[in-house]
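For reference, the chains in residue letters:
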Amino acid sequence: MAGETVITVCGNLVDDPELRFTPGGAAVAKFRVASVPRTLNKETQQWEDAKDGLFLTCSVWRQAAENAAETLSRGMRVIVQGRLKQRSYEDNQGVKRTVYELDVEEVGVSLKNATAKVTKAAGKGAPEVQQARRQQGAASAEDPWASGTPGTGRPAGGGGGWGSGGGGVDEPPF
């Protein structure tokens, strides 16, 4: 990213992310973020939004795009980081316009006024993990630490899990 303008913006989503796919199959999600400064009016003791805010169109690619489209929705407060791009064009009336867009590298929800439960998205190989879980049968549903399952982060050794001695590992798997 040498020579590029990398910025971080905190703001609210103006619309739901729109997920599309390129002809090559790459996912891209587009959304707009509004960052509007607030100031305290000392006379009224009320918070007021500034008249002009920053509205940025953001694009995020690949797995992050799919995750963003599934997770984010209009009105959520988010934090986005990426490369700021400037693009100029001429509109239908012949007026030259300049827009600023953000190629997003990282996006997440703000915990300033909300809570979130993070769930790790299944990556490549997820079908094999699901198949291994199915093969374990009902016993693993009762005791998920009973035996090791490759790719799931569960310990191997059949000794009942970590710290059990007799073939288990001494440290938790996280």
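Residues numbered from 1 in each chain as written. Predicted model: local features only at pLDDT ≥ 70, side-chain atom pairs only at ≥ 80, totals over all residues. Heavy atoms only, no water.

**Details of the nonpolar core**
Most often, soluble globular proteins keep nonpolar side chains buried together rather than apart. Core analysis: the biggest nonpolar cluster contains 16 residues, and Phe31, Val33, Cys58, Val60, Val80 and Val104 have the highest contact counts within it. Going through the elements one at a time, β1 (6-13), β3 (27-35), β6 (54-61), α1 (62-71), β7 (77-90) and β8 (96-109) are the ones with two or more residues in this core. With residues near it in sequence (within four places) discarded, Val104 still touches Phe31, Cys58, Ser59, Val60, Val80, Gln81 and Gly82. (Core = buried A, V, L, I, M, F, W, Y, C linked by side-chain atoms within 4.5 Å. Buried < 20%, exposed > 50% of the residue type's maximum accessible area, 1.4 Å probe, protein only. Helix = DSSP H or I, 4+ residues; strand = E, 2+ residues; numbered from the N terminus. Contact = heavy atoms within 4.5 Å.)

**Describing unusual backbone geometry**
Trans peptide bonds make up most of the peptide bonds, and negative phi angles are found at most residues other than glycine. A positive phi angle, near 60°, is found at Gln45, a position not held by glycine. Structurally, Gln45 can be placed in the loop between β4 (38-41) and β5 (46-49). Of note in this structure, Arg62 is not a glycine but carries a positive phi near 60°. Relative to the assigned elements, Arg62 resides in helix α1.

**Overview of the side chain of Arg83**
Tracing the sequence through the fold places Arg83 in strand β7. Looking at Arg83, its side chain comes within polar contact range of the side chain of Glu105, at 2.3 Å. (Polar contact = N/O pair within 3.5 Å; in protein donor to acceptor, adjacent residues only side chain to side chain.)

**What to know about the environment of Leu102**
Tracing the chain through its elements places Leu102 in strand β8. With relative accessibility at 0%, the residue Leu102 sits in the buried group. The spacing of Leu102 and Thr5 is 97 residues in sequence and 9.8 Å in space, taken between C-alpha atoms. In this structure Leu102 touches Ile7, Leu56, Thr57, Cys58, Ser59, Val80, Gly82, Arg83 and Leu84, once residues within four positions along its chain are discounted.

Honestly, it's all geometry; don't read function into it.
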